[in-house]
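# Breakdown of the fold
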Amino acid sequence: MPQSSHALLLSLAQGSASANAAGWNFVQNGTASNDPLVINNASARGALWNLETNTASPLRVISDTFCASGGFLSNGTMVTRTTIYPLFLHMIVGGIHERTPFYNNTDPVNNFEFFPPKDGGVPRPSEFLARSLPANLFPRVFGLPDGRVLMVANNQTIIYDLEKNTKTILPDIPNGVRVTNPFDGSATLLPLSPPLYTPEVLVCGGTTASDLIQPANLSSQDPASDHCSRLTITPEGIKKGWQVEKMLEARIMPELLLLPNGQVLTVDGAQTGYAAFDTVPDPVGFQSNADHPAFTPSLYTPELPLSQRISNKVMPTTNIPRVYHSVASLMPQGNILIAGSNPLNGQVVNGTGEFHTYRSVMSNVPAKIRFNKRFTINVSIPKNLKANSIEVALMDLGFSSHAFHSSSRLVFMDAHLSPDRKTLSILSPPNNRVYPPGPAHIFVTIDDVTRAGAQVMVGSGAPPPVADQGLPNQF
């Protein structure tokens, strides 16, 4: 991370009653630098970013966290590793035994393991991971409301039952699209809504290149995929198959961010090439396997009809490439934090962005919420908002790595506004399978205007493993 940072603010003008009444804007602060952030006379492997001052403080990271991911345990402890949080465990899916320059074909790890350990600490072999080689690093994994786990690797998808150790093979991602490293597309579980919490997965970007082609025969100019594929995870939805629509541009390494109003922000990535660096014969700037950055974000609105869901009508365009090892994340304050750049000549560019919020905050928010319990918070609603629409989102903001936000989740909660518009009565999720226990953020969106979030602990706060909490599983 540079000592002198280049800050980028992606913001929507505040004080408007709806997103359509104002425009998103990039606001640039500072300058870029090739100088690394230093701690103890060495380049810092981590940093703490101050959202108020746009400055970074170096952290002394004891272990090598390069390419790592992570998540929170049920008691709020963070675990850093390539993990996913499906229920009340962390599940570690796949990996490598030794570094590989491109494909996972040197010594792959084709198994699952858990933290805290299950099965006496013995990993479970996975035919799915073996079958999805050699482009299956950083699989996209999601905990489903019924307690099972959806996994996407390469162009293949399964539902895995942790308790029975069985799998259900789902239809492949259509049109030969591959979405895991080094062919990174992105994926997200769409917002879960009461009363049914029907799960749907969205997979966007990646490539249609064959994983039989060796890197020497690939090119930074090979087109990425412009497809988004969506699947409803019910027997009827699986039988119907994937719904496919086109993005406004092709993207390799895009970021899909859940927003508190239920939309999905697509940002970052390139229109040609691949992930990793310096492995194709025509790298850009002697390092990047990708070219033609995608400079304009877009918004995906899940409830709109097919082929009308993706738009960049109100979105600005930047001139900073955000490609391999770049990240973007929704922040508790409502900011979109965007960091990283293309691996060119060692330069790294950092910045922040902002989702539209009012700065007034909720109050009387409980520190801990139990499952299937109603609680009350105080709100201050501006007079110019009619409050015709109220959405309360419980969110895990995820852990970003390699174009995927591990553990990212949005569950809408039933909410009722008092006649005096001063309090909201909210019903928490029914159980720990709909929302895993641990830290979360509550966001309130009124007439499509989102308020800054408040952090809460969901569940008992006990360390894992914990028993099922809330209503018995009914999904």
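All values reported here derive from a predicted model rather than from experimental measurement. (Residues numbered from 1 in each chain as written. Predicted model: local features only at pLDDT ≥ 70, side-chain atom pairs only at ≥ 80, totals over all residues. Heavy atoms only, no water.)

Take the overall build of the protein next. Of the regular secondary structure elements, the protein holds 2 helices and 39 strands. A total of 475 residues make up the protein; the buried ones form 56% of that total. At a minimum sequence separation of 6, the contacts of the protein that also span at least 24 residues come to 62%. (Helix = DSSP H or I, 4+ residues; strand = E, 2+ residues; numbered from the N terminus. Buried < 20%, exposed > 50% of the residue type's maximum accessible area, 1.4 Å probe, protein only. Contact = heavy atoms within 4.5 Å.)

With 44 residues, the main nonpolar core has Leu150, Val201, Ile233, Ile377, Leu394, Ile442 and Val458 as its most contacted residues. Counting residues per element, this core draws most heavily on strand β37 (residues 438-446), at 4 residues. Formed by 26 residues, the second largest nonpolar core is a distinct cluster that contains Cys204, Cys228, Leu259 and Met315. (Core = buried A, V, L, I, M, F, W, Y, C linked by side-chain atoms within 4.5 Å.)

With that settled, the discussion passes to the packing of aromatic side chains. Scanning all chains against the criterion turns up 8 aromatic pairs. The ring of Phe114 has Lys118 lying over it, and the distance from NZ or CZ to the ring centre is 6.0 Å. (Phe/Tyr/Trp six-rings, centres within 6.5 Å; stacked < 30°, edge-to-face > 60°. Lys NZ or Arg CZ within 6 Å of the ring centre and 35° of its normal.)

Scanning the entire structure with this criterion turns up 1 disulfide. Here Cys204 engages in a disulfide with Cys228; their sulfurs sit 2.0 Å apart. Of note, the bridge from Cys204 to Cys228 carries an S-S torsion of about 115° and is right-handed in sense. Residue Cys204 is located in strand β17 (residues 200-205), and its partner Cys228 is located in strand β18 (residues 227-232); the two are separated by 24 residues in the primary sequence. Taken as a pair, Cys204 and Cys228 share a single burial class, namely buried. (Disulfide = S-S within 2.5 Å.)

When pLDDT is averaged along the protein, the result is 86; 86% of the residues meet or exceed 70. Between residues 82-87, whose pLDDT stays under 50, and residues either more than four places distant or in other chains, the model counts 37 contacts. (pLDDT = per-residue confidence, 0-100.)

As a further point, take the sheet that holds strand β11 (residues 124-125). Strands sit in the order β9-β10-β11 across an open sheet of 3 strands; the sheet is antiparallel. This sheet does not close on itself; its edge strands, each paired only once, are β9 (90-93) and β11. Taken together, the 2 bridges between strand β10 (residues 111-115) and β11 define a ladder with antiparallel strand orientation. Of the residues in β11, the one forming a bridge with Phe112 is Arg124. (Pairing = 2+ DSSP bridges.)

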